[in-house]
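Descriptive analysis of the structure
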Amino acid sequence: MSHRSATRQRIAYFESLRGLAAMVIVIYHLGGDSWLIDNNLVNNAWMMLDFFFILSGCVITMAFQAQVRTALGVGDFLYGRFLRVYPLHLVMLGVFFALELVKLAGTTWLGIAADTPAFAENNATTLLHNLFFTNVLLVENLSWNKPAWSIAAEFWTYLIFALLALIFRHHPARFLSICGLIAFSAFVFLANHDMSAYHGMARCLWGFFLGVLLAHLVTAERVRCSARLANLAVILTAVILTSKAWPFMDGRAVFFTSVFFFLLLALFTSPDDTAFKRLLGNRYLVRLGTISFGIYMIHSAVWWILSQAARVVTRLQPELLQSGGYEDALQNPMIANVVLFIGLPLTIALAEWSYRKLEYPIYQKRWTRPRWLQRLAREDSSLSSQP
């Protein structure tokens, strides 16, 4: 298999893994007392974000490190990343702004008390931080589209990665050493704190640059794992994720990211005819990964709307809660399951629509450079043509 074909195959595996991880996170953020929602795998979904970061660092390195060897390449890379993540982020901020208006109207005219008053946490200050991706750097509490903190963290990490790749383009060993130092520093910080979203920037740096190192190990083709070892890595990871709910408010939780590192190393360096890798090659799973960014960004709004609808239903039919002694609609397993079975396919459908109509068309505009990149391209061309 050629290097390009191998890279495409690895990216297909990456997409499938990302899609599966996104689904676990979506269920985790719903909450509820149903066994489909409240189980060890779902309760460990906080680890899936760190898995995302490793996957992102690995695939970004494989796909783009060769590009960011010039100032123009860095500009193209960051412009492309911006077009990939920011439009949907902006749309979802608009959706949550509309939901705050709905909350305000419900409180003002219908007398429906919200758990959090309208525009209390989601205010003008936090809106500006979300708009400029400074929410992960300067805001303690999650606000607006809460999962978006990880997108902000990744974007700043893209910038750091691109600048390092440019500065050390002629010194690959130094580049890898700096990446290792960043990952180790973030690891030490997290080991002395915890894996909460409050330390999201450190989590992203730890996972992403671990992914950068992983990409270089894989593409160097100096590591080989047998199918048996890859299957063992999958089994051990599954046991860890399902054996108990591991706490993230503990510095020792940082070690779980290393588990995913070795899992991916085993998967990417083992033969492609293993059962698990054949599963990952399934086109539906690959497609789920392709639209996983939309799934991740859209699901919070879907859960909020459906959860509020469920609470309205239980106010109209109070016996649904009284018969079981529940205080909240999602504590009723039947209601929680109904919300899950409606919300999950709805989120996937919205993500598919978003990818086709918004994300992909806008991302294609990366080939049409804005003026500042065109000017940079002319300067680069002028410099390269000088004797």
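Residues numbered from 1 in each chain as written. Predicted model: local features only at pLDDT ≥ 70, side-chain atom pairs only at ≥ 80, totals over all residues. Heavy atoms only, no water.

Looking at the nonpolar core
For clarity, the cut-off: Here the nonpolar core consists of buried residues drawn from Ala, Val, Leu, Ile, Met, Phe, Trp, Tyr and Cys, with membership extended through side-chain atoms lying within 4.5 Å. We call a residue buried when its accessible area falls under 20% of the maximum for its residue type, exposed when it is over 50%, and partly exposed in between, using a 1.4 Å probe and counting protein chains only. The numbering of helices and of strands both runs from the N terminus, where a helix is a DSSP run of H or I of at least 4 residues and a strand a run of E of at least 2. Whether two residues are in contact is decided by their heavy atoms: any pair within 4.5 Å suffices.
One finds Met48, Phe77, Phe161, Phe209 and Trp303 to be the most contacted residues of the largest nonpolar core, which totals 121 residues. Of the residues forming this core, the biggest block, 14 residues, is contributed by helix α3 (residues 46–64). Among residues more than four places away in sequence, those in contact with Met48 are Ala21, Val24, Ile25, Leu241 and Phe260.

Describing the packing of α3 against helix α9 (residues 200–220)
Angle between the axes and distance between the axes: these two values describe a pair of packed helices. Note the cut-off: In this description, a line fitted to the C-alpha atoms serves as the axis of each element, helices being fitted only across the stretch in contact, and the angle between N-to-C directions of two axes falls anywhere from 0 to 180 degrees. In these notes the angle categories are as follows: under 35 degrees is roughly parallel, over 145 is roughly antiparallel, 65 to 115 is roughly perpendicular, and the rest is oblique. Helix crossings are classified by the rotation of the near helix relative to the far one: an anticlockwise turn of less than a right angle makes the crossing left-handed, while a clockwise turn makes it right-handed. Each residue gets one of three labels, nonpolar for Ala, Val, Leu, Ile, Met, Phe, Trp, Tyr, Cys and Pro, charged for Asp, Glu, Lys and Arg, and polar for the others, Gly among them.
Across the interface, α3 lies against α9 with an axial gap of 7 Å and an inter-helix angle of 45 degrees. Judged by the angle between their axes, α3 and α9 are oblique. The handedness of the crossing between α3 and α9 is right-handed. In contact with Trp46, Leu49, Asp50, Phe53, Ile54, Ser56, Gly57, Cys58, Ile60, Thr61 and Met62 of α3, α9 contributes Arg203, Cys204, Gly207, Phe208, Leu210, Gly211, Val212, Leu214, Ala215, His216, Val218 and Thr219. The residue inventory of the contact of α3 with α9, partitioned by class, reads 14 nonpolar, seven polar and two charged.

Here's the deal with the pattern of salt bridges
Pairs can form between side chains of opposite charge once their charged atoms are near each other. Here is the rule: When a carboxyl oxygen of Asp or Glu lies within 4 Å of a side-chain nitrogen of Lys or Arg, that pair is called a salt bridge.
Scanning the entire structure with this criterion turns up seven salt bridges. Where Lys103 meets Glu100, a salt bridge forms, and the shortest distance between an N and an O atom there is 3.3 Å. One end of the pair is Lys103 and the other is Glu100, both in helix α4 (residues 71–109) and three residues apart, which spans about a single turn. Its relative accessible area of 4% is what places Glu100 among the buried residues. Residues joined by salt bridges that share partners form a network here, namely Arg287, Glu352 and Arg356.

A closer look at unusual backbone geometry
One non-glycine residue with positive phi stands out, namely Phe133, at about 60 degrees. With respect to the secondary-structure elements, Phe133 resides in the loop between α5 (124–131) and α6 (135–138). The class of Phe133 is buried, set by a relative accessible area of 4%. Within the chain, Trp144 stands out as a residue other than glycine whose phi angle is a positive 50 degrees. As for its placement among the helices and strands, Trp144 is situated in the loop between α6 and α7 (149–167). For Trp144, a relative accessible area of 3% translates into the label buried.

A word on the side chain of Asp50
Structurally, Asp50 can be placed in helix α3. The exposure class of Asp50 is buried, given its relative accessible area of 1%. Once residues lying within four places of it in the same chain are set aside, the contact partners of Asp50 are Met195, Arg203 and Thr257.

A few points about helix α8 (residues 172–191)
This is how it is decided: Multiply 1.5 Å by the residue count of a helix minus one, and that product is the helix's expected span. The arc in question is the one spanned by the directions pointing from the helix axis to the C-beta atoms.
Taking 1.5 Å of rise per residue, 20 residues should cover 28 Å, and α8 covers 28 Å from first to last C-alpha, within 8% of that figure. Regarding α8, the residues found buried are Phe175, Cys179, Ile182, Ala183, Ala186, Phe187 and Leu190. Down the axis, α8 shows its buried residues gathered within 135 degrees of arc, on one side only. Turned more than 90 degrees from where α8 packs its buried face, Ala173, Leu181 and Phe184 sit exposed. Check the buried side of α8 and you find it contacts α7 and α9.

Description of the packing of α3 against α7
Where α3 contacts α7, the two axes come as close as 12 Å, and the packing angle between them is 30 degrees. Here α3 lies roughly parallel to α7, going by the angle between them. The crossing of α3 and α7 is right-handed. Of the residues in α7, those touching α3 at Leu49, Phe53, Ser56, Ile60 and Thr61 are Trp149, Ser150, Glu154, Tyr158 and Phe161. For the contact of α3 with α7, a count of residues per class yields six nonpolar, three polar and one charged.

Here's the deal with the packing of aromatic side chains
Put simply, the rule is: Side-chain rings of Phe, Tyr and Trp, where Trp is taken by its six-membered ring, are said to pair if the distance between their centres is within 6.5 Å; with planes under 30 degrees apart they count as stacked, over 60 as edge-to-face, and otherwise as tilted. Look at NZ for Lys and CZ for Arg. If either is within 6 Å of the ring centre and within 35 degrees of the ring normal, a charge sits over the ring.
Overall, the coordinates contain 24 aromatic pairs when judged by the stated rule. An aromatic cluster of three or more residues is present, and its members are Phe64, Phe77, Phe82, Tyr86, Phe133, Phe155, Tyr158, Phe161, Phe175, Phe208 and Phe209. The cationic tip of Arg81 hangs over the ring face of Tyr158; the distance from NZ or CZ to the ring centre is 5.7 Å. The ring of Trp246 has Lys244 lying over it, and the distance from NZ or CZ to the ring centre is 4.7 Å.

Notes on the environment of Leu288
When you line up the elements, Leu288 lands in helix α13 (residues 283–290). Separated by 155 residues in the primary sequence, Leu288 and Phe133 have C-alpha atoms spaced 26 Å apart.

What about helix α11 (residues 256–268)?
The end-to-end C-alpha distance of α11 is 19 Å, a good match for the 18 Å that 13 residues give at a rise of 1.5 Å each. With 11 of 13 residues buried, α11 lies mostly within the body of the structure. Listed in full, the buried residues belonging to α11 are Phe256, Thr257, Ser258, Phe260, Phe261, Leu263, Leu264, Leu265, Ala266, Leu267 and Phe268.

Observations regarding a nonpolar patch on the surface
Heads up, the rule is: Every patch collects residues that have over 30% relative accessible area and no salt bridge, joining them within 9 Å if they carry like charges and within 5 Å if they are nonpolar side chains (Val, Leu, Ile, Met, Phe, Trp, Tyr). Surface accessibility in these figures is a Shrake-Rupley result with a 1.4 Å probe; residues are shielded only by whichever protein chains are displayed.
A contiguous nonpolar surface patch, about 250 Å² in accessible area, is contributed by Phe97, Leu101 and Leu104. Residue placement: Phe97 occurs in helix α4.

Here's the deal with the confidence of the model for the protein chain
Test applied: pLDDT measures the predictor's confidence residue by residue and takes values from 0 up to 100.
Of all residues in the protein chain, 91% have pLDDT values of 70 or greater, and the mean over the chain is 85. For the protein chain, the element scoring lowest by mean pLDDT is helix α17 (residues 371–385), at 63; α8 scores highest, at 94. Note on residues 383–387: pLDDT under 50 across the span, and zero contacts to partners over four residues away in sequence or across chains.

Thoughts on the state of the cysteines
What counts here: Two cysteine sulfurs form what is called a disulfide whenever their separation falls within 2.5 Å.
Summed over all chains, the structure comprises zero disulfides. In this model Cys58 remains outside any disulfide bridge; the closest cysteine sulfur is found in Cys179, 13 Å from its own. Just so you know, Cys225 is unpaired, no disulfide at all, and the nearest cysteine sulfur is the one on Cys58, 14 Å from it.

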